[in-house]
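Chains, contacts and geometry: an overview
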Amino acid sequence: MILNNNPAIDVDELMKRVRAEASRLRSGGALEFRRGEPRNMNDMQLAKAIDRHHAVSTLLAEAETWNRPVQVPQRLRRFGPLGRFVTRVVNYLFKNQRQAIAAIIHSNREAIWMQLNIGEAVSRNIEDLRSLERYRVESLRDVRMSLDVLRSDVAGIANAHHHTREIAERALANGVGALDAVRSEIEGLATAHHATRELVEEALAAGERARYALEQSGVSREWIESLESTVRDISGRLEKASHEATFAHARIDSAQSDLRDVSARTDLEAKFCHQRIDSAESTILSLAGQAKGFIERVEHQGRLIAERDRTLHAISERANDSPTRLEARQSLVDGLREVDRHISEGYESTLRAVANLRSEIHAVPAVRLSVPEEHRPVERNDAVHAFLADRFRGTRAEIDAWLSAYLSVVQSCTITSEAPLLDAGPGRGEWLEILRKNDIPALGIETNGILAEECRTLGLNVRSGDLLEDLQDRPSRSLGALTAFHVVEHLPFEYLVEMLRESIRVLAPGGLVIFETPDPRNVLVATRTFYLDPTHLHPIPHELLLALLEIVGFVEARVLELHPPKPVFSAGDRMSEQLNGFFARSQDYAIVARAPNA
Amino acid sequence: MPRIAVVTPWYGEDAVGGAETVARELATRLALTHDVTMLTTTSRAFLSEWDESYYAVGTTREHGFRVRRFAVDPRERGVFDGVNGSLLGLPMENWDELRLRGDQTDAFIEQSINSFALERYLRDEATGNHDAVIFLPYLYGVVVRGIEVYPGPAHLLPCLHDETYARLPRIQAIFHRAASLLMNSAGEAELALRLYGPGILHKMTVIGLGVEIEDEIGSLPDAVSDPYILYVGRRDRTKNVEFLIDAFRASRLNGAGNAMKLVLAGPGDHSYDDRDNGVVDLGYIDTLTKRALLAGARALVQPSVNESYSRVVMEAWMTRTPVAVHASCLATAMAVEASGAGLIAATREEWMKAFEMFSHDPDGTLREMGERGERYAREFADWERVIPHLLETLFGPGDFESTGKRIDQVVQTLEYGDAISDYAMHIRHRLRTLGYDSDIIAEGIGHRVADEAIAFRDYSLSVSDAVIYHHSIASAATEAVSSLTVPKALIYHNITPARFFEPFEPAFAELLQIGRAQTAGVLPHFDYLFADSDFNGAELSELTDKPVRTIPVVVDFRRFDRMPDPELMRKHLFGIHVLFVGRVSPSKAIGPLLDAFEAYLCFNGEAHLSIVGRFNPADAYYRQLRDSVIERRMEKSVTFAGLVDEETLTAYYRTADIFVTLSEHEGFCVPLVEAMFWDIPIVALGTTAIPETLGPAGILLESSATPLEIGALFHTICSDLNLRLTMIDAQRRRRTFYLPETGERRLDGLISELSK
């Protein structure tokens, strides 16, 4: 196959390689694959026709350059002016010829131009319509997708509504249960009171009898007076108890009325949601109807296109027919354009309707339960939590020592009474006490009613309520700092993100956040200690929290190492180092970040 | 006394550097016999702030010639550094991209060292004040813009290196605009040819470069004694010193030449001194010691792969010391090959063999090599030879005197883009240069070349003193010429066999038949018979006993002396581009070419085939080809370019990756020679005159090769770099047979016979 003309090339080896490649090609059927389907006759004819036209133009150009007045031939130049004269005469005589030829060339050009343009316009039209069809199909797909998204939005709202309803019912049940509990306590109290009253009366009577006996026996007056004061004391306590009972009654009544309020509002909200869902459903139905009509129109157009194809094929076969056919084709194209315009408009309106509906759905306010703090029903579980908190958190003294380390961090930012520090989940209030001792204006928000009450007894400014709601109610840039010790591990993820978003809004520029939470780098924490609090959701690695802070927009986020761990493994070798790293490190970590200054 | 100007960016005692030294030495020597003016700027030196004026504007007299300084322009150094940085940082495999990025790299010239005053002087006054203007070196704004505005013939002394800058379009443009290119070495000339194509061949002259050698010799340092080989130069990595030492150590381990030492001399941070192992590093030495070391060395070793001109090699040769150079360095390798004064080595093993040779000198060839080196250096590194060479290029040997004789040529048709027409015009050019009156007479004249020929019917051949007749088809002129009594030469370009055209153009086929039949009858009337190839000659020899001589077509490359069409460059520079140049006619087997290309498309669907050559759109053969392309859905991959102008043709050759012709009948095939000069691997059908034209170059196919196999061959070539390099290597060697000077000499032979 290859001649051996170059000693530097091993021809046999080259031929072997080439033949191997060639047979690979052959066996793979690559050539047939490349050629594919025989080319559409129309396409080919059109391509060939256009090709020919271009070539013919070249011929015409050449013809033009030949069609010029002749120069004086060499032979005649010898005759000087006579030669020139003869040439001029000849050119003059042939002037008509030249003009005729020029006219022919020009008309041929025009004919070609016409043909070419028709051919090209036809191809372009077909291409246009094809791409229009593709566009329609894609748009239809988009509409379908929007509908699906709508559907899932509506389902989401229905779920949220359902969820809200559950919470409301649970709250109601809790409230009712709590009421019952209180009621039975009070009845117990009343009985106790009653019993006490009887006892007291008996005691009084006994006292009287004693008094009389004593008076008769001449016992000292002081002793009698002391008895009397004791009796007075007892009766005072009785009164206080009965007072408290009355107060408790009043609280029960107001709690009951609050609950009724809440349940009424919940009902209202639920009804509102239902209405929204109903209207969404009906819009979807109408949209589906529109989409169906839309699909039908596209299919109709597809049929029109197919028909057009056939018509055009007929046209291209009789390309040199009279202008009337051209007009017929033109009107067909116009008609199709008209149809296309209708479809566009219908499609546009569909899109707009879908967009509107989406925004309406998103405007539905979140259903909230917001109960005024004084009338918050007492949660039985709060007591349990308070108990657990005591048992596992450590003594007050230990906590105080731990928290003082954060003091210097907090003192580095500007906290005023207009922009105070908010502590989320203050628990027993140790941190707030430290702040108060150091004259830093601070307040707290605590979901556990009992713990909140305890704090208030200590004179701390702690409100009972939900952290996120609290932040949402605050104006922007109204807090100097936000601290949350052992809070974030209790929060569901979406709640946490929302809370971070609200906090960056509420913090003043350069405002500080401090989060402390169990550190899963400590293997014991990650596998055991963390789960001692059943309301812990899952450990939050510091990388995750740092990332969240960054995403939300906090700056200078960093992990604080305030409490270096005490090593347990002391051999000093690498193994001990590793083990200490896993088992003897600090149980918690803290992250500090700032709201941006801008 | 002729007045010469030298344009260069810096001149002065602080201007040190290769090009600056050349400028000074050139001007000093020219000033001995000519009126020389150095035109430069007020800037101080390459190492100073370029746009800071150090010298005063105006004219001074220094070293025997006038130095006229023009105010240097302010520039934006930051912009320049930015462009320069990105150019220097470009990895070598991306250098070719620069050919497309003219506008983005303009700042390299615009913010270089420039002087508007100097440009204005060159544009308006220089032609009046100087008879010849030399520009050097190629890199700077002063030179580039100077050449752009100078209306007269610019002589560029580029000091060209293989670097990114050489590929910038604006820089390439001055190589085309210059009237002559003065090269320091054959290596530099070869580099320019590879970068810019064969269009510049006709105006490149290797004038060499003078190297000074003092007569005084110092003494050898104590540490050095015979035998030793010497390296002189810097120690940095680009000079390949570590490779050298490594090879030297390996050769000592083999026991070869344990006594021979390697002496290193020259500045550098790192010392490779290792006397126990035979490496003596002397560090910096003065010129006298260098001369002593050169004279006493067995050989000078130059392992660097990036030299444009190695001064020290010339210095060694001047002391009759042979050299060893690296095969990958064009400049030095070509010099050694041309002179035969040393060894060329590439791999470690080859260098070790070289050391062995230097150590033992088995055939006593070292002395002879040294003598050859001295002769070569005297020719190319001696100012005494360089200056006359330069002057000859600047002022020419003078026009030949008119001989008073007229030698005309007769062709059947003169057309643009026709090989025979081009050849005839080239011959006419040569005739007129030699002082003859000469015209081309043709029966049919294409309108694009209407002014180049005289119509046969208008011309009386009786005025000619001799006639060259180009025979390739039946012609009415044939009879008229045959009947002339003046000396007549016939050049036979072969007549395509009629069978190719019978299915498509029966009328033309008949013409061809007649032409062939006429040939035998025509030959006896001609005094001298020539043919383009032995193949053509053999056909004539069958019809006559007269001697037939072969003169290969002399290809005129001047049409490529222009910038390639940028649109085509953008389209085809990257991506596989298969090229065929030739008329679209049945004998050229374009159908099989399309089949083969279709097979290749299965390997690489992005490949493109360009068929560059005249076609007649109404022609049935052409229509058949076009329809076949459309049916096989290849319209996007196949272009029938038709007759193209010179910028377009240059771009086609520049961007081609494979040149292919499956033509079944060729009398010589000029495009093959063009492809060889453009370094395009050639695949051709090995029939008629093609094997003769190509010789050992190109891959020749047998007619049994199937389209699938040919397509697979394209794929193999495109994916195997070694194969491509081997092919290009063979083509580079073969093409020396077709160099313009060689061709001209052959033509001169023909012409002198005719004019006897």
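Read on for a plain summary of the structure. Since the model is a prediction, treat every value here as computed from it, not as a measurement.

Comments concerning the overall build of chain A
Within chain A, the regular secondary structure consists of 17 helices and seven strands. Going through the 598 residues of chain A one by one, you find that 32% of them count as buried. A fraction of 76% describes how many contacts in chain A between residues 6 or more apart in sequence connect residues 24 or more apart.

Digging into the interface of chain B and chain A
The partner chain A presents 39 residues to the 45 residues of chain B that form the contact. Here chain B meets chain A over a buried area of about 3,800 Å², counting both sides, of which 59% is carbon and sulfur. Ranking the residues of chain B by area buried against chain A places H447, R633 and L708 of chain B at the top, with a combined share of 16%. The interface formed by chain B and chain A holds four salt bridges in total.

Things to note about the pairing of strand β20 (residues 528-531) of chain B
All names here are of chain B. Summarising the sheet, strand β19 (residues 488-492) and β20 pair through four bridges and their orientation is parallel. The residue of β20 that forms the bridge with Y492 is A531. A crossover connection joins β19 to the parallel β20 through helix α18 (residues 506-522); in handedness this β-α-β unit is right-handed. With three bridges connecting them, β20 and strand β21 (residues 548-550) associate as parallel partners. Note that in β21 the partner of L529 across the bridge is V548. Viewed along the sheet, the connection from β20 through helix α19 (residues 534-541) into β21 turns out right-handed.

Quick word on the sheet that holds strand β6 (residues 555-560) of chain A
All names here are of chain A. Judged by pairing direction, the sheet is mixed, and its seven strands sit side by side in the order β3-β2-β1-β4-β5-β7-β6 without closing on themselves. Looking at which strands have only one partner, the edges of the open sheet turn out to be β3 (462-464) and β6. Between one strand and the next, the sheet's axes are offset by a mean angle of 15 degrees, whatever the strand orientation. With four bridges connecting them, β6 and strand β7 (residues 588-594) associate as antiparallel partners. The residue bridging V555 from the neighbouring strand is R594, located in β7. Together, β2 (442-446) and β3 form the strand contacts of helix α12 (residues 449-457), whose direction differs from that of β3 by roughly 155 degrees. With respect to the sheet, helix α16 (residues 542-552) is in contact with β5 (507-518), β6 and β7, its orientation differing from that of β7 by roughly 15 degrees.

Digging into the packing of aromatic side chains
Geometry of an aromatic ring pair is reported as the spacing of the ring centres plus the angle between the planes. All names here are of chain A. Following the criterion strictly, the structure yields 37 aromatic pairs over all chains and no others. Here Y406 and F485 contribute two aromatic rings whose centre-to-centre distance is 4.8 Å and whose plane-to-plane angle is 45 degrees, an arrangement assigned as tilted. In this pair, Y406 sits in helix α10 (residues 396-411) while F485 sits in strand β4 (residues 479-485), placing the two residues 79 residues apart along the sequence. Classification of Y406 as buried rests on a relative accessible area of 1%.

What to know about the environment of F355 of chain B
All names here are of chain B. Take F355: it is sitting in helix α13 (residues 348-360). Residue classification places F355 among the buried residues on the basis of a relative accessible area of 2%. In contact with F355, not counting residues within four places along its chain, are I229, L244, A247, F248, S251, M260 and V301.

Some words on the packing of helix α9 (residues 241-253) of chain B against α13 of chain B
Residues and elements named next belong to chain B. Where α9 meets α13, the axes come as close as 9 Å, and the angle between the chain directions of the two elements is 65 degrees. For the pair α9 and α13, the sense of crossing is right-handed. The segment α9 lies against α13, with F243, L244, D246, A247, F248, A250 and S251 engaging R348, W351, M352 and F355. Taken together, the residues of the contact of α9 with α13 sort by class into eight nonpolar, one polar and two charged.

What about the sheet that holds β20 of chain B?
All names here are of chain B. Judged by pairing direction, the sheet is parallel, and its seven strands sit side by side in the order β17-β16-β15-β18-β19-β20-β21 without closing on themselves. Edge positions in the sheet fall to β17 (454-455) and β21, since each of these pairs with one other strand and no more. In this structure, strand β18 (residues 466-471) lies alongside β19, joined through five bridges in parallel fashion. Residue V467 lies in a different strand from β19, and its bridge partner there is K488.

Thoughts on unusual backbone geometry
A cis amide bond, omega -15 degrees, links L136 of chain B with the succeeding residue P137 of chain B. Residue position: P137 of chain B is located in the loop between β5 (132-135) and α6 (141-149). One non-glycine residue with positive phi stands out, namely R477 of chain A, at about 55 degrees. Here R477 of chain A lies in the loop between α13 (467-473) and β4. Despite not being glycine, N494 of chain B shows a phi value in the positive range, around 75 degrees. Structurally, N494 of chain B can be placed in the loop between β19 and α18. The exposure class assigned to N494 of chain B is buried, which follows from its relative accessible area of 6%.

A closer look at helix α15 (residues 383-395) of chain B
Residue and element names in this part refer to chain B. Spanning 13 residues, α15 covers 18 Å between terminal C-alpha atoms, matching the ideal 18 Å at 1.5 Å per step. For α15, the full list of buried residues reads W383, V386, I387, L390, L391 and L394. The buried residues of α15 occupy an angular sector of 130 degrees when projected down its axis, which confines them to one face. Away from the buried face of α15 by more than 90 degrees, exposed residues E384 and E392 are located. Within two residues after α15, G396 carries a phi angle of roughly 75 degrees, on the positive side.

With respect to the nonpolar core
Counting residues in each nonpolar core, the largest one holds 104 residues, and the members touching the most others are F135 and Y653 of chain B. Setting aside its immediate chain neighbours within four residues, F135 of chain B contacts V7, L122, V143, G146, I147, Y150, A154, H155, L156 and L157 of chain B. Membership of the second largest hydrophobic core comes to 50 residues, among which are V11 and L25 of chain A together with Y621 and Y622 of chain B.

Describing the packing of helix α16 (residues 419-433) of chain B against helix α28 (residues 740-754) of chain B
All names here are of chain B. Between α16 and α28, the least distance of the axes is 11 Å, while the angle of their chain directions is 75 degrees. Classed by the angle they form, the pair α16 and α28 counts as roughly perpendicular. Residues Y423, I427, R430 and L431 of α16 form the contact with α28, whose participating residues are E744, L747, D748 and I751. Partitioned by chemical class, the residues of the contact of α16 with α28 number five nonpolar, no polar and three charged.

About the criteria used
- Residues numbered from 1 in each chain as written.
- Chains lettered and ligands numbered in written order.
- Predicted model: local features only at pLDDT ≥ 70, side-chain atom pairs only at ≥ 80, totals over all residues.
- Heavy atoms only, no water.
- Helix = DSSP H or I, 4+ residues; strand = E, 2+ residues; numbered from the N terminus.
- Buried < 20%, exposed > 50% of the residue type's maximum accessible area, 1.4 Å probe, protein only.
- Contact = heavy atoms within 4.5 Å.
- Buried area = accessible area lost by both parts, 1.4 Å probe.
- Salt bridge = Lys/Arg side-chain N within 4 Å of Asp/Glu carboxyl O.
- Pairing = 2+ DSSP bridges.
- Right-handed = clockwise from strand over helix to strand, strands pointing away.
- Axes fitted to C-alpha atoms, helices over the stretch in contact; angles between N-to-C directions.
- Phe/Tyr/Trp six-rings, centres within 6.5 Å; stacked < 30°, edge-to-face > 60°.
- Left-handed = near helix turned anticlockwise from the far one by under 90°.
- Nonpolar A, V, L, I, M, F, W, Y, C, P; charged D, E, K, R; others polar.
- Expected span 1.5 Å × (residues − 1).
- Arc of directions from axis to C-beta.
- Core = buried A, V, L, I, M, F, W, Y, C linked by side-chain atoms within 4.5 Å.
- Parallel < 35°, antiparallel > 145°, perpendicular 65-115°, else oblique.

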